[in-house]
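# A closer look at the structure
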Amino acid sequence: MAQVEKLAADLPLLPAAMVGAEALARARRWHILVFLAPALLVYTVIMILPLIDTLRLALFRRVDGVPMFVGLDNFNILFFDPRWSGHFWSALGNNLYFFAFHMLLQNPIGVALAALLSVPRLRGQAFYRTVFFLPTMLSFVIVGFSWKVILSPLWGVAPTLLGAIGLKSWFHPWLGQEATALTTLALISVWQYVGIPMMLIYAALLGIPAEVTEAAELDGVTGLAQFWKIKLPLILPTIGICSILTFVGNFNAFDLIYTVQGALAGPNFSTDILGTFLFRTFFGNQLQLGDPNMGAAIATMMFLIILLGVSLYLFGIQRRMRRYQF
Amino acid sequence: MAATARARASPLNRGAIHVVLLLYAALCLGPVLLVVVNSFKSRAAIFGAPLSLPGPATFDLIGYRTVLGQGVFVNYFANSLIVTVGSIAAVLLFGAMAAFALSEYRFRGNTALGLFLTLGVMVPIRLGTVAILNLMVAAHLVNTHLALILIYTAQGLPIAVFILSEFMQGVSKDLKDAGRIDGLSEYAIFLRLVLPLVRPAIATVAVFTMIPIWNDLWFPLIVAPGEATRTVTLGAQMFIGQFVTNWNAVLAALTLAVLPVLVLYLIFSKQLIRGITAGAVK
Amino acid sequence: MAFSTRLVALASVSACALLAAAPAVAADVTLTIESWRNDDLPIWQEKIIPAFEKGHPGIKLNFQPTAPKEYNAALNSKLDAGTAGDVIACRPFDASLELFKKGQLTSANDIPGMDRFSAVAKAGWTTDDAKTTYCVPVAAVLGGFIYNKDAFDKVGIKAPPKTVDEFFADLEKIKADGTYVPLAMGTIDQWEAATMGYQNIGPNYWHGEDGRKALIEGRQKLTDPQWVAPFQQLARWAPYLGDGYKAQAYPDSQNLFTLGRAAIYPTGSWEIAPFAAQAQFKMGVFPPPVPKAGDPCYISDHVDIAFGMNAKTKQPAAAKTFLAWTASPEFAQIYSNALPGFFSLQSGVIEQTNPLAKEFASWRETCKSTIRSTYQILSRGTPNLENETWVEAANVMNGTETPEQAAQKLQKGLDSWFKPAK
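Residues numbered from 1 in each chain as written. Chains lettered and ligands numbered in written order. Predicted model: local features only at pLDDT ≥ 70, side-chain atom pairs only at ≥ 80, totals over all residues. Heavy atoms only, no water.

When helices and strands are tallied, chain C shows 18 helices and 10 strands. Since a compact globule built from 422 residues should have a radius of gyration of about 22 Å, the 23 Å found for chain C is in line with a globular shape. Expressed along its principal axes, the backbone C-alpha trace of chain C runs to roughly 70 × 50 × 40 Å. The buried share of chain C, reckoned over its 422 residues, is 61%. When contacts within chain C are restricted to residue pairs at least 6 apart in sequence, those whose partners lie at least 24 apart make up 76%. Only carbon and sulfur atoms are counted for the fraction: they give 55% of the accessible area of chain C, which is about 16300 Å². Averaging the coordinates of the 40 positive side-chain charges in chain C and doing the same for the 44 negative ones gives two points 3 Å apart. (Helix = DSSP H or I, 4+ residues; strand = E, 2+ residues; numbered from the N terminus. Rg over C-alpha atoms; globule rule 2.2 N^0.38 Å. Buried < 20%, exposed > 50% of the residue type's maximum accessible area, 1.4 Å probe, protein only. Contact = heavy atoms within 4.5 Å. Areas by Shrake-Rupley, 256 points an atom, 1.4 Å probe, with all protein chains shown as cover. Lys, Arg positive; Asp, Glu negative; His and termini not counted. Charge placed at Lys NZ, Arg CZ, Asp CG, Glu CD.)

This is the structure in structure tokens:
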């Protein structure tokens, strides 16, 4: 809200060079507001203010039921009290692993699929596109349930399939072992979300004007070489968007692990990421009571980590990327 | 151009491409088919031979009878549809407007506003639950579709603005300036020149916005748990809780919950492709 | 900040509110009941609600369950915002105590019929000073083992095991026969290992209430032999579990047993009703085997569910009428028989019609009852002892930690915040 008012006050100072006549400038000032107001209003009231209300809790602690201002003490506990810091650092480490896994698999697979799909006059494009995007549309309830069944040692889908190709001994209860559980979940998550980078990059590839590829072909640049030298640089900004969406998504991830492994993110906390740690702390679990103050401290840390990542991208990478207008 | 491209892609290459794509398609479809196929089988057959198709001996609709016999699944579909479509409409309209303002005009606070809008991408809105619920209570919106639509609009806007402004920056400046010289108002430029050009992006945003809304469990549970506003996902989840060992019912409920989102996607997907091709041919 | 937030919110959203139609006012009073027992929905709709409404014209009931996993989080948010139902199903001990302390539950001391509950029955929903009870106790669940009678016959086990040695001898027999998985339990959900493993067999070692209280008073430690022994037994269970038990979830175990593929299912009385509906074979039950023949036996007789009144209810009179009804013998009779395995906490004998439930209940006469060791007081701090017990019990069964290591970790965690009352 405050931003809108500030904006209105600022608008008369619009750089005149851009606009030219002052009358035009006056006209401009209102439509900018009209364009921005609905989004800003809903977003600020329903999202930002409630979130600020929550983050502010990080500076308080309830003592005998009364909220007390404690400054940054909750963060002190989160980083240095072994009862909290162990969980925090391990969740952060797991989260980084989870993200790295997505970057190494999800986005390259997405690019590859999009590149294959955009081969001109390929039959069955619509079918493939729909099918590849299908997992992305499923709720965690379904994804978690079906993969649990497939990987279940009891019902035998994965063991049977492996047995069919003579690799039965390769089967392990992957979701139940500390060493493999997080990787398995990351793979399921990649399976689910590959559709997003694929779709965005596919759209970007189709958006490359025919003149560009024709010119390349006249110069004898075709096939894979054309993809690497001509198309990839053109879709780099889109790959950038995918990466940052993946980063933000991974550091907010929660549902899949919660659905498959529960709020304690077992076995032995080996699949605990910041999202599950936060949920458990903020809302509680079984006999553990929710602690909104420590929960808010964790949320603030997640926010800062994501802010850092997004800023690095926006100011470090995106600024240097060339943008092409067609 | 088409002729040269066709000439260059040899039949062998095409075959290899199809093999790769088909394998990946099987990987995508397998788990979903497993749920759908088994939902039509008897309990013993689900566990005895999960990989086989239902035969005359194992075909059983008991799961569907349990789910549909329990009551009001159709109402749940209607609720989910109202909430999802309403939210998408609001996100697309408001998001495109804001993205246009941010990418088109230079004014003081532009960067700051852009950053302010992306803040919402970084914290899960779920954290604000208590304050949001207080707000909805104060406004008497608990157990209404509008409450969910408002929440999902707020939740969807940041990503929508982020993606759409990225795409709008790619729209040729000459085109817009030509429009201005022709005397088009800024609203007309937005509606008639820019929006059609970013249609692929809009369809993309629509699809991305739709999925988390349709599949959300949390806010329906907190803000609209009443029978009259219950969504499909919440209904299916309650079902799974209730029949956790009755896999017939669970699989049937899951299958029913997938169908509508698939239909919605197919509708948008047409738009998406039409938009994409329009943009490419231009 | 909070005030201005609300002001802005109010102003901007109230415009939308005008669009929403005002709710119609019903002539009858309707009470909404919050509960995590979503399994019970049909039973409420078919049996309990009609019984209540018949005797109380003018009051309608709306049973609105939430999945157990989300219940606490969802309920707390709704209570904070004032949108929770009129009657609240109370979890035992601290979760509900906290609600009472925040003024969200009212005292139940003045509800007629509270004298039908013993102090032990009320313990789960009473303040530390024992002065105020804030929920009307409803039911307890008993721990034990359910077995497949056909499997025992096939393998040649005449009677269920009485001692731990007999128990393992039987497991060995079943394993040697090879037709059945000896024990149906998995560790991926973790709580099974703790609740149906550790808390089920443990009381025989730590002597039920004696050990539990000694722990709270600081006279015993979790590293003492009687607290390590249940972990040692759990570690010995591992070879008798199904292939890949590490990824076996709770519903997997249930299906494994009810499909007749497993012989013994360590569990509790709450499974009686669903199992009766699904299993095609005869079932029997036995209490946790004792360490040596002649040892006294103890069973986990755990207070599980109660009903309290939302302090912000608009129909306090009707809510109290309902609570008084739940304290009546009529309710106890209907509830216990509609939900065999959930045993009424009222004093006085309830006639059980289900044979398995009857057998479970009969243990109360021969064995001593105790509640789960982690529930009272000991799970108040960080790290949370109940959560840790889930994790450690699963670790021990997975073989990633020894029983001694697990016990040490639990005690260390407890020591970091818990100061026993002197």
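The rest of the description comes next.
On to the interface of chain A and chain B, then. Of the residues lining the interface, 98 residues belong to chain A; the matching set on chain B comes to 96 residues. Taking both sides of the interface into account, the surface hidden between chain A and chain B amounts to around 9400 Å²; carbon and sulfur atoms contribute 79%. For the pair chain A and chain B, the interface holds 0 salt bridges. Between chain A and chain B we count 11 residue pairs in polar contact (both at pLDDT 80 or more) in total. For the side of chain A that touches chain B, the element with the most residues is helix H3 (residues 22-55) of chain A, which contributes 21 residues. (Buried area = accessible area lost by both parts, 1.4 Å probe. Salt bridge = Lys/Arg side-chain N within 4 Å of Asp/Glu carboxyl O. Polar contact = N/O pair within 3.5 Å; in protein donor to acceptor, adjacent residues only side chain to side chain.)

Turning next to the domain arrangement of chain C. Residue and element names in this part refer to chain C. Under the domain assignment, chain C is made up of domain 1 (26-139 + 303-351) and domain 2 (142-301 + 371-415). Distance between the C-alpha centres of domain 1 and domain 2: 30 Å. Taken residue by residue, the interface counts 10 residues in domain 1 and 12 residues in domain 2. The junction of domain 1 with domain 2 conceals about 970 Å² of combined surface from both sides, 61% of it contributed by carbon and sulfur atoms. (Domains from an automatic or database assignment.)

A few words on the environment of Arg123(A). Along the chain, Arg123(A) turns up in the loop between helix H5 (82-117) and helix H6 (125-137). Residues in contact with Arg123(A), not counting those within four places in the same chain, are Tyr128(A) and His18(B).

Quick look at the pairing of strand S4 (residues 136-148) of chain C now. Looking along a regular strand, one sees the side chains alternate between the two faces of the sheet. Residue and element names in this part refer to chain C. Counting buried residues in S4 gives 13 out of 13 residues, a clear majority hidden from the surface. Relative to strand S8 (residues 298-309), S4 runs antiparallel, the two being bridged by 6 bridges. Looking at the pairing, Ala139 lines up with Ile305 of S8. Here S4 runs beside strand S9 (residues 343-344); their pairing, made up of 2 bridges, is antiparallel. Each residue of the ladder has a partner; that of Ala139, found in S9, is Ser344. Here S4 pairs with strand S6 (residues 262-268) via 5 bridges, running antiparallel. Its bridge partner being in S6, Gly143 is matched across the sheet by Gly268. When S4 meets strand S7 (residues 283-286), the two strands line up antiparallel, connected through 4 bridges. Within S7, the residue paired with Tyr147 across the bridge is Gly284. (Pairing = 2+ DSSP bridges.)

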